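Below, each chain spelled out in residue letters.
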Amino acid sequence: MDPITAQELLAAAGAGGDPVYVEDVFQTHLYTGSGSAKTITNGIDLSGEGGLVITKRRNSSSGGGPWFNDTERGITRYNSSSVTSAETDNGGGISATSSTGYSLGHFSGWNASGGTYVSYTLRKSAGFFDISTWTGTGLGNRTVSHALKSTPGAIFIKNTSSDSDWHVYHQNANGDLCLNKADAEKYK
């Protein structure tokens, strides 16, 4: 059986209602930082639907992310895939969400004056993207609920309360992947 494309999954997710298009749930946005409050309008409803914003500074390697902010934990909370640190809460990065995007504070990782940035916004949507949080117990296997209404193709796992690696499962990988390391995958 051939893999289902993202557009086919989104079409199925919209079955019986309005169709869902990729541009409704995913946007790439390039912008120049101002060093003061700034609104990013990309057409993605983060305040009503929820989702994730990944931001990366493009013209500097100093303090430029990539930063992961999501609505499930609170949009001001963030992690970076380049480090193993616990999450941090900082209203100077992404400060709020709206029905058409999000707002930035003054912090340089997201909005340095003259800095050039790229952001990727993923809206929560069945068949496309979801965010799940849970409290670990330290005991063996665990089932984590999600609202995808399909089998996940990729799963990213990060302990947000302490230093830990970013573990990645991908349906086509033969082993465990680690987002924050250059290591080869480790076979199961």
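Everything discussed here concerns the structure shown above.
Here the residue numbers are simple positions, counted from 1 along each chain's written sequence. pLDDT decides what is reported in this predicted model: residues at 70 or higher carry local features, side-chain atom pairs at 80 or more are listed and counted, and totals for whole chains, interfaces and linings draw on all residues regardless. Each side-chain value is worked out from all heavy atoms of the structure, with water and hydrogens disregarded.

Draft legend 1. Examining the nonpolar core more closely. Here, nonpolar core means buried Ala, Val, Leu, Ile, Met, Phe, Trp, Tyr and Cys residues that are tied together by side-chain atoms lying within 4.5 Å of each other. Burial here depends on accessible area, computed with a 1.4 Å probe over protein chains only, as a share of the maximum for the residue type. Under 20% is buried, over 50% is exposed, and the range in between is partly exposed. In this structure, Y31, I94, Y102, L104 and W110 are the most contacted members of the largest nonpolar core, which totals 14 residues. Contacts were defined at the residue level, with two residues in contact if any of their heavy atoms lie within 4.5 Å. With residues near it in sequence (within four places) discarded, Y31 still touches K38, I40, T55, Y102, L104, W110, G115, T116, Y117 and S119. By size, the runner-up hydrophobic cluster in this structure holds seven residues, among which are I54, L122, F129 and W166.

Draft legend 2. The arrangement of the packing of aromatic side chains in detail. Ring geometry is summarised as follows: Phe, Tyr and Trp rings, the Trp one being its six-membered ring, pair when their centres sit within 6.5 Å, and such pairs are stacked at plane angles under 30 degrees, edge-to-face over 60 and tilted between the two. Under the definition given, this model contains five aromatic pairs. Considering the side-chain rings of Y31 and Y117, the 5.1 Å spacing of their centres and the 10 degrees angle between planes classify their relative orientation as stacked. Of this pair, Y31 sits in strand β1 (residues 26-32) while Y117 sits in strand β9 (residues 116-123); the two residues are 86 residues apart in sequence, bridging distant segments of the chain. Assigned by exposure class, Y31 and Y117 land together as buried. Cluster of aromatic residues (ring-pair linked, three or more members): W67, Y78 and W110. To qualify as a helix, a DSSP run of H or I must reach at least 4 residues; to qualify as a strand, a run of E must reach at least 2; elements of each kind are numbered from the N terminus.

Draft legend 3. View of unusual backbone geometry. We note that K149 has phi near 60 degrees; this positive angle belongs to a residue other than glycine. Tracing the backbone through its elements, the reader meets K149 in the loop between β9 and β10 (154-158).

Draft legend 4. Spatial organisation of the environment of G153. Residue position: G153 is located in the loop between β9 and β10. Along the backbone, G153 and Q171 are 18 residues apart, and their C-alpha atoms lie at a distance of 5.2 Å. Among residues more than four places away in sequence, those in contact with G153 are Y169, H170 and Q171.

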